Amino acid sequence: MIRTEEYQLSMGPVHPSTHGVLQILLTLDGERVVKAVPCMGYLHRGIEKLMESRNYFQCMPYTDRLDYVSAMNNDFAYCRAVEKLAQLEVPERAQYIRVIMAELNRIASHMIFIGSLAVDVGATTGMIYPFRDRECILDIFNELCGARMTYSYIRIGGVKSDLSVKVIDMINVFLKNLSAMIDEYNDLLTGNEIFQHRLKNTSVITAEQALQLGLTGPMLRASGVNYDLRKDNAYSSYEDFIFDVPLGNSGDNWDRYIVRMKEMRQSAKIVKQALDGLPEGSVMAKVPKVLRPPKGEVYVTTEGPRGEVGYHIISDGTVKPYRVHIRRPSLINLQALDLMCRGYLVGDVVVAMSTIDPILGEVDC
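Notes on the structure in this doc start here. These figures come from a predicted structure and were not determined experimentally.

What follows concerns the sheet that holds strand β1 (residues 7-11). On the basis of which strands lie adjacent, the open sheet formed by 3 strands has the order β1-β2-β3 and antiparallel pairing. Only two strands of the sheet have a single neighbouring strand rather than two, namely β1 and β3 (32-39). With direction set aside, neighbouring strand axes in the sheet form an average angle of 25°. Here strand β2 (residues 23-29) runs beside β3; their pairing, made up of 7 bridges, is antiparallel.

Below, the structure is given as structure tokens:
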């Protein structure tokens, strides 16, 4: 009988497939994973404490730099929390514009996911197309506010500026072309036999396990749990729009991929409805130049591309938040990595990591 011995292998923190400075300590039996422990903190910047030493308006650039792949959604969540704390009412037109930007950013984020997953599986060409198409969204954001990744466009009380005719035309052109873009991804990846073999029936998370781990977003819905804050706790006029919530059946890597593919079409549906029904009026509420919310605390959540983004803010009545804590879905979802990797090969760790779709700026905060 051959005697085998478990050993440890460090994947990262400088590794192309960890999507940032994440270290994974693997305990292996041959090439089989016995345990996978994510080691975080290499990108820690102390954002929550930095926000506590700034006034409410000065916190905006920090929220941009959490999940920098979907900065609009982080700004959206923070502004809603402050508005609830300060009892500010956002104009309806601004609410619609926020939804448009959040959904466009969701599509851009999912395009990053598809491209990254393709590379991690070995389909290098599969990265080129979604990254190319994402540029169309970044061009829209650049025209809108002069930035391509960190926007500070959604502001406390509304949005920075109204939509110009050019921006609306650019969005309509993108929506017209999106279906063909997604069809191209399907032709290249979804029908690929090797791609399917790497994803199907691997890293399965049951609905019960997903709920126990506190997973949210596509990670949770891929396990068949129908929970989406845009439907279950509708905010910012989401109740005005008709859209479906894509769900998976088995909670494997394949379902996590398919759910995000389907979500892009649903996001486009929401953007189209919001543009067609865009109400008239102001895009900014009357916000005091010096904002002093009354004493109290709030916890407000939104549905980000990776799951529930939550802000817990405590006000002591001064111009600065007394305490800020951010629920980052990438951090919570990474809890599932060990479960997803056990019993699989080292090469499958890369795919499991990719279908979690973490952003390390948000994980470490």
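Tyr78, Met101 and Tyr153 are the most contacted members of the largest nonpolar core, which has 87 residues in total. Top contributing element to this core by residue count: helix α4 (residues 92-121), with 16 residues. Apart from residues no more than four positions distant in its own chain, Tyr78 is found in contact with Met51, Tyr56, Cys59, Met60, Thr63, Ile156, Tyr311 and Ile313. By size, the runner-up hydrophobic cluster in this structure holds 26 residues, among which are Ile24, Val33, Cys341 and Val350.

Bringing the environment of Lys231 into the picture now. The residue Lys231 is located in helix α10 (residues 229-232) in this model. We classify Lys231 as partly exposed; its relative accessible area is 42%. Along the chain, Lys231 and Arg155 lie 76 residues apart, while their C-alpha atoms are 23 Å from each other. Excluding anything up to four places from it in sequence, Lys231 contacts Phe243 and Val245. A polar atom in the side chain of Lys231 sits 2.7 Å from the backbone oxygen of Phe243.

Further remarks concern the pairing of strand β8 (residues 321-327). Strand direction decides the pairing type here: strand β7 (residues 307-315) and β8, joined by 6 bridges, are antiparallel. Considered in β8, the bridge of Ser315 is made with Pro321. Two successive antiparallel strands, β7 and β8, enclose a turn made up of 5 residues, where Gly317 displays a positive phi of approximately 90°.

Attention now goes to the packing of α4 against helix α11 (residues 253-276). Two elements in contact, α4 and α11, have axes whose closest approach is 9 Å; the angle formed by their N-to-C orientations is 155°. With respect to their mutual orientation, α4 and α11 come out roughly antiparallel. Here the hand of the crossing between α4 and α11 comes out left-handed. Between α4 and α11, the residues in contact are Tyr96, Val99, Ile100, Glu103, Leu104, Arg106, Ile107, His110, Met111, Phe113, Ile114 and Leu117 and Arg256, Tyr257, Arg260, Met261, Glu263, Met264, Ser267, Ala268, Ile270, Val271, Ala274 and Leu275, respectively. Class assignment for the residues of the contact of α4 with α11 results in 17 nonpolar, 2 polar and 5 charged.

Conventions we followed
Per chain, the residues get numbers from 1 upward, laid out in the order the sequence is written. In keeping with the predicted nature of the model, local features appear solely for residues at pLDDT of at least 70, side-chain atom pairs appear and are counted solely at 80 or more, and the whole-chain, interface and lining totals rest on all residues. To obtain the side-chain values, all non-hydrogen atoms of the structure were used and water was disregarded. Pairs of strands are assigned from DSSP output, requiring at least two bridges between the strands. Labels follow the DSSP assignment, with helices taken as runs of H or I lasting at least four residues and strands as runs of E lasting at least two, numbered in each case from the N terminus. Convention adopted: a line fitted to C-alpha atoms gives each axis, helices being fitted over their contacting stretch, and angles between N-to-C directions are expressed from 0 to 180 degrees. Here, the term nonpolar core denotes a set of buried Ala, Val, Leu, Ile, Met, Phe, Trp, Tyr and Cys residues that are joined through side-chain atoms within 4.5 Å. Only protein chains enter the accessibility calculation, which uses a 1.4 Å probe. A residue is then buried if its area is under 20% of the maximum for its type, exposed if over 50%, and partly exposed in between. The contact rule is simple, with two residues in contact once any of their heavy atoms fall within 4.5 Å. Any pair of nitrogen or oxygen atoms within 3.5 Å is treated as a polar contact; in protein, a donor-acceptor pairing is required on top of that, and neighbouring residues in sequence qualify only through side-chain atoms on both sides. Working rule for angles: under 35 degrees goes down as roughly parallel, over 145 as roughly antiparallel, 65 to 115 as roughly perpendicular, anything else as oblique. Rotating anticlockwise by less than a right angle from the far helix to the near helix defines a left-handed crossing, while the corresponding clockwise rotation defines a right-handed one. Lys, Arg, Asp and Glu make up the charged group, whereas Ala, Val, Leu, Ile, Met, Phe, Trp, Tyr, Cys and Pro make up the nonpolar group; the residues left over, Gly among them, are polar.

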